Amino acid sequence: MPEMSEVSRRLVLGGALATGALAAGAGAAGAASPHPAGALAPSAPRRGPGQKSMINVPFEARRTVRLGIVGLGNRGRGMAPGWAAVPGCTVAAVCDVRADRATRVADALVADGRDRPREYGGSEDSYTRMLRDEELDLVYIATPWEFHHEQGRAALRAGSHAVVELPVATEVRELWDLVDTSERTRRHLFLAENCSYGRNELAMLKMAHEGLFGDITNGHGGYLHDLRALLFSDTYYTDAWRRKWHTRSTGSLYPMHGLAPIAAAMDVNRGDRMVSLAATATEPRGLADYRERFVPASHPSWRETYVNGDRVTCLIETARGRLVRAEHDVSSPRPYSRINSIAGSRGIFEDYAGTSATGGRVYLEPDHGGHAWRDFESYREEFDHWLWREVGDDAEENGGHGGMDYILQWRTVQQMRAGLVPDIDVYDSAAWCAPVPLSVESLRRGGRPVDVPDFTRGAWVNQRPGLDSRPTAMPKAG
């Protein structure tokens, strides 16, 4: 379906979170920041010299994509085979502070019939040597959260594009710094938001843009995942880095998986934007209770105090008066859910609620009545995104999380090889990650709303395509 027709339809339808760094005004590491301490202020700071918007800027087309991976823990190691399987992508270099991890990943790629990547590791700055010595088109960053800003920024300054695991940064001033660095270097940085490429999420997006829900008024997304056993594992999260975030501050640490698909369906940064956020949090009970029941008294976690609420809820208002409820809970016993629900004047979709294999249910006027839910399966078949029709079989074979990992990887490489505008840009990435520090600030103020920065500097008013892309082919090799 042509992108402009979808845009026309939408026009018709209407790190250191506990340190006070949100308001401290300290400059970003290695550079003086042009942004004032009041990064929460509604007015966007002016661009510095040499900066221009990266909106609608295409990748430069290339025959192959040379990829470097920074961080080879569970996520980086798991994603390496998928990157190598995408046509036209070569994993050229791998890096981890633990050099043996780089060797194991390189060995596994060779065992799969791939060329052996260069290995870097052994020190905290090994990634800087990789960026200096290798000519990389794209750097994939899968390290702990506190390193994402510094490493993403370094990749841009080295001349590479960067795709960064969630979140791209944990402080508002760091988000602004990534926006500014992308604009200065003319390189893209974007969030590796695999859930934005989920099959249900993309079908929901198409339905929203086709007008099936009428004038959209609200949405609900979340990351509800019982991680207690993994958080207390001695091997899963290296040095327990993720559990330690629960000792530092109260905030929504990881809302992007649920928020990003809802924001895309609402055309955030493409005709609407998030303007305010108010957060609430329950008491922190889940991790301490789990520790008491299942963790031996000799475990180092007994020296920790958990302060982050089990359930943190962000209520986000947009410029067009829509409401988004974004949830985060990894400390409670419950089945997995990203919630993934959107509603409007003519109907509603709810994910993780149906009885079919899709897990979704709908209620749409004039098709439905009698206050009875209908199954989502026929709607997903009708509104299945072209990426899933084109790549779905390969995705389920090569990628985790039901295939959406590989869809993200395939689409990223395709856009770079074909010279396309990215589906997700640095402005989307900053907006989707902003609730991490903003929730901390709202809770510090007793739950009062705080302003959401406009990272687009006013360009959000313009309609433009995003994840609702039109079908395009992967360039042929050779």
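## Considering the overall build of the protein
When you go through the protein residue by residue, the secondary structure sums to 17 helices and 15 strands. What you see for the protein is a C-alpha radius of gyration of 22 Å, in line with the 23 Å of a compact globule of 478 residues. With the principal axes as the frame, the protein shows a C-alpha extent of 65 × 60 × 50 Å. Put simply, the protein has 478 residues, and 56% of those count as buried. Carbon and sulfur atoms form 49% of the exposed surface of the protein, whose accessible area is close to 18,800 Å².

## Notes on the sheet that holds strand 3 (residues 118-121)
Taking strand neighbours across the sheet as the criterion, the six strands line up as 3-2-1-4-5-6 in an open arrangement whose pairing is parallel. Across the chains shown, the open sheet's two edge strands, defined by having one partner strand only, are strand 3 and strand 6 (189-191). On average, adjacent strands in this sheet sit at an angle of 20° to one another, irrespective of strand direction.

## Describing the pairing of strand 13 (residues 361-364)
A regular strand places its side chains on the two faces of the sheet in alternate fashion. Only one face of strand 13 is buried, namely the one carrying V362 and L364, since none of R361 and Y363 on the opposite face is buried. Here strand 12 (residues 347-350) pairs with strand 13 via four bridges, running antiparallel. Counted as the bridge partner of E350 is R361 from strand 13. Note that strand 13 and strand 14 (residues 374-375) share two bridges and pair antiparallel. Looking at the pairing, R361 lines up with D375 of strand 14.

## Overview of the confidence of the model for the protein
Per-residue confidence for the protein gives a mean pLDDT of 91, with 91% of residues at or over 70. Predicted confidence for residues 1-41 stays below pLDDT 50, and this span has 81 contacts to residues more than four positions away or in other chains.

## Overview of the pattern of salt bridges
Considering all chains together, one arrives at 34 salt bridges under this definition. Put simply, D239 and R98 hold a salt bridge, and the shortest N to O gap is 3.2 Å. Here D239 is found in the loop between helix 9 (228-231) and helix 10 (241-244), whereas its partner R98 is found in the loop between strand 2 (89-96) and helix 4 (99-111), with 141 residues between them in sequence. Between R199 and D384 there is a salt bridge whose closest N-O contact spans 2.7 Å. Of the two residues, R199 is situated in helix 8 (residues 199-210) and D384 in the loop between helix 13 (377-382) and helix 14 (386-398); the sequence distance between them amounts to 185 residues. Since its relative accessible area comes to 7%, D384 is described here as buried.

## Here's the deal with the pairing of strand 12
Of the two faces of strand 12, only one is covered, namely that formed by G347 and F349; the face formed by I348 and E350 stays uncovered. As paired elements, strand 11 (residues 341-344) and strand 12 share four bridges and run antiparallel to each other. Opposite A343, over in strand 12, you have I348 as the bridge partner. Hairpin connection of strand 11 to strand 12: two residues between the antiparallel strands.

## Overview of the nonpolar core
Ranked by size, the top nonpolar core spans 125 residues in total, and within it I69, W83, M130, Y140 and F213 carry the most contacts. Not counting chain neighbours up to four residues away, the residues in contact with F213 comprise M204, M207, A208, I342, G344, S345, R346, G347, I348, F349 and L364.

## With respect to the sheet that holds strand 9 (residues 312-318)
Across the sheet, which stays open at both edges, the nine strands sit in the order 14-13-12-11-7-10-9-8-15 with mixed pairing between neighbours. Across the chains shown, the open sheet's two edge strands, defined by having one partner strand only, are strand 14 and strand 15 (450-451). On top of the sheet, helix 11 (residues 256-265) reaches strand 7 (216-224), strand 8 (274-281), strand 9, strand 10 (323-329) and strand 11; it is set at about 160° to strand 7, its chief contact.

## A short note on the packing of helix 14 against helix 15 (residues 404-418)
Interhelical geometry of helix 14 versus helix 15 gives an angle of 120° and a closest axis separation of 8 Å. Between helix 14 and helix 15, the crossing angle belongs to the class labelled oblique. Of the two possible hands of crossing, helix 14 and helix 15 adopt the one that is right-handed. For the pair helix 14 and helix 15, the contacting residues are W386, L387, W388, V391, D394, A395 and N398 in the first and M404, Y406, I407, W410, R411 and Q414 in the second. The residue makeup of the contact of helix 14 with helix 15, split by class, is nine nonpolar, two polar and two charged.

## Notes on helix 8
With twelve residues, helix 8 should cover 16 Å at 1.5 Å per step; its first-to-last C-alpha distance of 17 Å lies within 8% of that length. Helix 8 sits mainly inside the fold: ten of its twelve residues count as buried. For helix 8, the set of buried residues is N200, E201, L202, A203, M204, L205, K206, M207, A208 and H209. Looking one or two residues past helix 8, G211 carries a phi angle of roughly 90°, positive in sign.

## A closer look at the layout of surface pockets
The computed volume of the second largest pocket comes to approximately 250 Å³. Looking at the second largest pocket, it is lined by 15 residues, and the ones nearest its centre are R199, N200, T358, R380 and G402. Secondary-structure elements contributing two or more residues to the lining of the second largest pocket are helix 8 and helix 14. In terms of residue count, the dominant contributor to the lining of the second largest pocket is helix 8 (three residues).

## Observations concerning the environment of N398
Considering the arrangement of structural elements, one finds N398 in helix 14. Residue N398 is classed as partly exposed on the basis of its relative accessible area, which comes to 30%. It is 35 Å that separates the C-alpha atoms of N398 and V172, two residues lying 226 residues apart in sequence. Once residues lying within four places of it in the same chain are set aside, the contact partners of N398 are G82, A85 and Y406.

## Notes on a negative patch on the surface
On the surface, E390, D393, D394, E396 and E397 cluster together to form a negatively charged patch. Topologically, E397 is positioned in helix 14. You can call E397 exposed: its relative accessible area is 65%.

## Digging into the state of the cysteines
Taken as a whole, this structure holds zero disulfides when the rule is applied. C95 takes part in no disulfide bond, and the closest cysteine sulfur to it belongs to C89, at a distance of 17 Å. Of all cysteine sulfurs in the structure, the one in C433 sits closest to C314, which takes part in no disulfide; the separation is 13 Å.

Scoring rules and cut-offs
Residues numbered from 1 in each chain as written. Predicted model: local features only at pLDDT ≥ 70, side-chain atom pairs only at ≥ 80, totals over all residues. Heavy atoms only, no water. Helix = DSSP H or I, 4+ residues; strand = E, 2+ residues; numbered from the N terminus. Rg over C-alpha atoms; globule rule 2.2 N^0.38 Å. Buried < 20%, exposed > 50% of the residue type's maximum accessible area, 1.4 Å probe, protein only. Areas by Shrake-Rupley, 256 points an atom, 1.4 Å probe, with all protein chains shown as cover. Pairing = 2+ DSSP bridges. Axes fitted to C-alpha atoms, helices over the stretch in contact; angles between N-to-C directions. pLDDT = per-residue confidence, 0-100. Contact = heavy atoms within 4.5 Å. Salt bridge = Lys/Arg side-chain N within 4 Å of Asp/Glu carboxyl O. Core = buried A, V, L, I, M, F, W, Y, C linked by side-chain atoms within 4.5 Å. Parallel < 35°, antiparallel > 145°, perpendicular 65-115°, else oblique. Left-handed = near helix turned anticlockwise from the far one by under 90°. Nonpolar A, V, L, I, M, F, W, Y, C, P; charged D, E, K, R; others polar. Expected span 1.5 Å × (residues − 1). 1 Å grid on protein atoms, 1.4 Å probe; cavity = no way out; pocket = protein on both sides within 12 Å on 5 of 7 lines; lining within 4 Å. Points joined across faces, edges and corners; volume = space filled by probe spheres on them. Patch = residues over 30% accessible without salt bridge, like charges linked within 9 Å, V, L, I, M, F, W, Y side chains within 5 Å. Lys, Arg positive; Asp, Glu negative; His and termini not counted. Charge placed at Lys NZ, Arg CZ, Asp CG, Glu CD. Disulfide = S-S within 2.5 Å.

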